[in-house]
Amino acid sequence: MARVVVVGAGMGGLAAAARLAATGHRVTVLEQSGTYGGKLGELRRDGFAFDTGPSLLTLPRVYRDLFAETGGDLDAAVEVVPVEPTCHYRFADGSEVDLPHDPAAVPGALEAAFGAGAGREWAELMADAARLWELVGESVLQRPLNGVGDLVRRSASVRDLWALAPWRTLRAVGRRLSDPRARMLLDRYATYSGSDPRRLPGLMTVVPYVEQRYGGWYVRGGLRRLGDALFAHCRGLGVRFEFGARVTAVRAAGGGVTLEGGAVVPADVVVSDADARHLYGHLLTDRRARAPRRALARAVPSLSGFVLLLALRGRSPRPYHHRVLFPADYDAEFDALFGPDPRPVPDPTVYVCSPDDPTVAPEGHEAWFVLVNAPRQGQVDWTAPGVAEGYVDRVLDVLAERGHDVRDRLLWREVRTPADWERDTGSVGGALYGSSSNGARAALLRPANRSPVPGLYLVGGSAHPGGGLPLVAMSAKIAADLIGPA
């Protein structure tokens, strides 16, 4: 039985703890904050409940497998329900389209909204994305990856992979779509990894493919219930938790970790669910950490997010679980986020999550989670007087301009800025997705799950295979398999 210390109780850390405890290890999780779940947070106030992080679950089978393989039953713990439609999109010209949960119905919806040929073009693009998923998707996401060569070697058909040229940018791939609104819809998926579609590899067309092929899902009561279920499952497996435990140093195999105040927690194995930049930049002094430290210094962190949590009286005439409200000039948004002078986006894309779930708001009310992409703390000083409050007003104005004026319905609001994300989650500058996927190497070569420092492993959104609820659970399985049973 090995002594395993997991640094961080985010979803990747919880998933790793469950897998390692189930295979006989003695597991302790150290979390600097007062709770678990990482970015899968929640705010409760006056009968309202808001997910403050992820609001859509894709590939729920990843969590079903996690529970089943560690002696649990996800469906006995939470209710996972389909979101229909998966998302409602509104464009600057006032046109709209709903993407159905059923993937077979998506081309018809696009055809009806955008005109003849739009559905066929999208279906053809998704067919190529399906082939990419077959070639490299699960074989890459569910195994350790060390270099682009691994990607090519794992492809069932290197000739097919070469023909699909997944290293072309998502924007270049999108030129196959005739309607500019369809291209805008495709570009939107770059932001799922905090990236710029003009630099993101076209390989990431697998993101909309996976969302449509496997559907978008919601956990009744809010996605935080998934975190509750996994935490309870870990406790049932004998995992020990210490909250308010800030790790200040990680040592090589057998050295354990040092806590703020100087106490040492011994460990044979350390699993880090901390941001990889923080791990390699601040917690490790071992000379074997130099190479990944240099690689991370070259990588560009992902964008962050500016969030409003709005408690609203009344009900919307057309309730949608997910809404995306596009600006007229999408490139201006990416210029503001990724250009030489990062700044709050003047006319941003606005994402709204408003679950039709009676458990998250009092009767006759709605709880809205509103997100706009934002530069990281440090690129903009979100703590400076007036910056955050001024931007709150701008986002509410944009909502009104796009047909959703909720200012007269507003009971109260809470704000989360990139500075808050940095403070609460330890992500550098509040980067929500670890490193961006701008460029082929950035997309495919996140820090490896096995560190060059013996006895140290990485999980979570800043490590391979990346951010998002399914991927961090996959990173935990990779790390647990590398460590092996007790």
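Because the structure is a prediction, the values reported are computed rather than measured. (Residues numbered from 1 in each chain as written. Predicted model: local features only at pLDDT ≥ 70, side-chain atom pairs only at ≥ 80, totals over all residues. Heavy atoms only, no water.)

## Some words on unusual backbone geometry
Moving on, step 1. Each neighbour pair has its own omega, and for E84 with P85 the value is -5°, a cis peptide bond.
Moving on, step 2. Inspection of the secondary structure assignment puts P85 in the loop between β5 (80–82) and β6 (87–90).
Moving on, step 3. A positive phi angle, close to 55°, is found at D46, a residue other than glycine.
Moving on, step 4. Along the chain, the position of D46 falls in the loop between β3 (42–45) and β4 (48–51).
Moving on, step 5. Note on D46: relative accessible area 56%, which makes it exposed.
Moving on, step 6. Positive phi, close to 50°, is recorded for L59, a residue that is not glycine.
Moving on, step 7. Residue placement: L59 occurs in the loop between β4 and α2 (61–69).
Moving on, step 8. What makes L59 buried here is its relative accessible area of 5%. (Helix = DSSP H or I, 4+ residues; strand = E, 2+ residues; numbered from the N terminus. Buried < 20%, exposed > 50% of the residue type's maximum accessible area, 1.4 Å probe, protein only.)

## Brief notes about empty space enclosed by the protein
Moving on, step 1. Within the structure shown, the criterion is met by two cavities of 30 Å³ or more.
Moving on, step 2. If you add up the space inside the largest cavity, you get close to 120 Å³.
Moving on, step 3. Together, 15 residues line the largest cavity, and A49, F50, D51, P355 and V360 are the ones closest to its centre.
Moving on, step 4. The element contributing the most residues to the lining of the largest cavity is β4, with three residues.
Moving on, step 5. By residue class, the composition of the lining of the largest cavity is nine nonpolar, four polar and two charged.
Moving on, step 6. Considering only enclosed or pocket space, the second largest cavity measures out at about 50 Å³ in volume.
Moving on, step 7. Its residues assigned to classes, the lining of the second largest cavity comprises four nonpolar, five polar and one charged. (1 Å grid on protein atoms, 1.4 Å probe; cavity = no way out; pocket = protein on both sides within 12 Å on 5 of 7 lines; lining within 4 Å. Points joined across faces, edges and corners; volume = space filled by probe spheres on them. Nonpolar A, V, L, I, M, F, W, Y, C, P; charged D, E, K, R; others polar.)

## Some words on helix α18 (residues 469–483)
Moving on, step 1. Taking 1.5 Å as the rise per residue, α18 with 15 residues should run 21 Å; its terminal C-alpha atoms sit 22 Å apart, in good agreement.
Moving on, step 2. Burial runs high along α18: twelve of the 15 residues are buried.
Moving on, step 3. Backbone geometry just downstream of α18 places G484 in the positive-phi region, at approximately 85°. (Expected span 1.5 Å × (residues − 1).)

## Side note on the pairing of β4
Moving on, step 1. Burial along β4 is two-sided: the residues F48 and F50 and A49 and D51 are all buried.
Moving on, step 2. Relative to β4, β3 runs antiparallel, the two sharing four bridges. Bridging from a neighbouring strand, L43 pairs with F50 of β4.
Moving on, step 3. Joining the antiparallel neighbours β3 and β4 is a turn of two residues, in which D46 adopts a positive phi near 55°. (Pairing = 2+ DSSP bridges.)

## Some words on the packing of helix α12 (residues 276–283) against helix α13 (residues 290–298)
Moving on, step 1. In the contact formed by α12 and α13, the axes pass within 10 Å of each other and the chain directions differ by 125°. Taken together, the axes of α12 and α13 are oblique relative to one another. Crossing angle aside, the handedness with which α12 passes α13 is left-handed. For the pair α12 and α13, contact is made by A276, R277, Y280 and G281 and by P292, R293 and L296, respectively. (Axes fitted to C-alpha atoms, helices over the stretch in contact; angles between N-to-C directions. Parallel < 35°, antiparallel > 145°, perpendicular 65-115°, else oblique. Left-handed = near helix turned anticlockwise from the far one by under 90°. Contact = heavy atoms within 4.5 Å.)

## Things to note about helix α14 (residues 330–338)
Moving on, step 1. Among all positions of α14, only Y330, E333, F334, A336 and L337 are buried. Across the axial projection of α14, the buried residues extend over an arc of 160°, all falling on one side.
Moving on, step 2. Of the surrounding elements, those touching the buried residues of α14 are α9 (180–188) and β17 (365–374).
Moving on, step 3. The N-cap residue of α14 is D329: its side-chain oxygen and the backbone nitrogen of D331 are 3.3 Å apart. (Arc of directions from axis to C-beta. Polar contact = N/O pair within 3.5 Å; in protein donor to acceptor, adjacent residues only side chain to side chain.)

## Looking at a positive patch on the surface
Moving on, step 1. There is a patch of like positive charges on the surface, built from R287, R290, R294 and R298.
Moving on, step 2. Looking at the secondary structure, you find R287 in the loop between α12 and α13. (Patch = residues over 30% accessible without salt bridge, like charges linked within 9 Å, V, L, I, M, F, W, Y side chains within 5 Å. Areas by Shrake-Rupley, 256 points an atom, 1.4 Å probe, with all protein chains shown as cover. Salt bridge = Lys/Arg side-chain N within 4 Å of Asp/Glu carboxyl O. Lys, Arg positive; Asp, Glu negative; His and termini not counted. Charge placed at Lys NZ, Arg CZ, Asp CG, Glu CD.)

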